[in-house]
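One letter stands for each residue in the lines below.
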Amino acid sequence: MIKIVSFKICPFVQRVTAMLEAKNVPYDVEYIQLSAKPDWFLDLSPTAQVPLLVTETGVALFESDAIVEYIDEITAPLQNDLTPEQRAIQRAWSYQASKHYLVQCATLQSADQCAFQDRMSKLGKAFERAEARLGDGPYFSGTELGNVDIAWLPLLHRAALVEQHSGHDMLTAYPRVKAWQAALMATGLAERSVPQDFDARFADLYLSDRTWLGRGANLNEAPSGTLKAAGGGCCG
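Before going into details, it helps to say that this report is about the structure given with it. The model shown is predicted, which means the values in this text are computed figures rather than measured ones.

## Observations regarding the side chain of S166
In step 1: Note that S166 resides in helix α7 (residues 147–166).
In step 2: In contact with S166, other than residues within four places in its own chain, are L213 and G216.

Spelled out as structure tokens, the structure:
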């Protein structure tokens with residue numbers, strides 16, 4: 001069986017596990033602490049980062065883009081009969097999501113409104129591009145769930161948790177993205193692709209009193225400087 005080595009709230013890992021869940025591929029997960037990476041993991045991973053996928057033959061694969069492509073190659077596609085051009089476009093739009101995972105991590109850890117708005121302006125550019133591209137949905141390419149949906153799921157899942165816990169809607173300016181988020185959340189993939197204690201761990205890191213969002217996104221709060229990121233906040 002495929003094995004995934006994971007850090008519990010890593011968005012890059014969630015992209016991989018969501019793909020496996022969407023394709024009904026069985027897998028095991030082993031969680032590690034990024035602050036105390038075990039020697040066996042360091043021996044397997046050239047980058048010392050998660051996700052790491054160990055194949056059924058014992059080969060260790062790293063980098064989420066490569067892992068997702070491997071899963072696609074050994075399983076039936078989520079969308080059939082895509083042309084090479086369409087597959088290339090899907091890879092490009094998937095990259096638009098994954099390159100903003102760490103931007104979102106930093107945004108969520110903002111200590112005050114000024115830092116949040118500055119970081120959100122960068123993250124918002126990704127949502128703006130998606131807003132302009134999305135059609136009637138419910139998914140990125142229409143009625144079929146596809147690889148782009150899986151790539152954007154970590155961003156949209158985390159935005160949903162922020163709204164649920166703090167009341168702040170990171171997607172309020174992007175109605176098509178908001179509808180897309182609702183459609184993806186309705187699939188149940190978000191919950192199935194993370195550990196049972198994900199919500200609590202996410203809230204403890206990103207929605208505690210250390211962060212502007214955790215304090216209720218108080219618009220009248222005076223700026224207090226930039227928050228130093230807590231150890232183990234994302235992947236790496």
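What follows continues from the structure just given.
## Examining the packing of aromatic side chains
Where two aromatic rings form a pair, the distance of their centres and the angle of their planes describe that pair.
In step 1: Taken as a whole and assessed by the stated rule, the structure comprises 10 aromatic pairs.
In step 2: With a centroid separation of 6.0 Å and 25° between ring planes, the pair formed by F198 and F202 is classed as stacked. Highlighted residues: F198 and F202, both in helix α10 (residues 198–206), separated by 4 residues, approximately one helical turn. When sorted by exposure, F198 lands in the same class as F202, which is buried.
In step 3: Chaining the aromatic ring pairs together yields one cluster made of W93, F127, F140, W152, Y174 and W180.
In step 4: Here the guanidinium or amino end of K3 rests over the ring plane of W40, the centre of that ring lying 5.0 Å away.
In step 5: The ring of Y31 is capped by K8, whose NZ or CZ atom sits 5.1 Å from the centre of that ring.

About the cut-offs
- Residues numbered from 1 in each chain as written.
- Predicted model: local features only at pLDDT ≥ 70, side-chain atom pairs only at ≥ 80, totals over all residues.
- Heavy atoms only, no water.
- Helix = DSSP H or I, 4+ residues; strand = E, 2+ residues; numbered from the N terminus.
- Contact = heavy atoms within 4.5 Å.
- Phe/Tyr/Trp six-rings, centres within 6.5 Å; stacked < 30°, edge-to-face > 60°.
- Buried < 20%, exposed > 50% of the residue type's maximum accessible area, 1.4 Å probe, protein only.
- Lys NZ or Arg CZ within 6 Å of the ring centre and 35° of its normal.

Everything listed here is a matter of geometry and, on its own, says nothing about what the molecule does.
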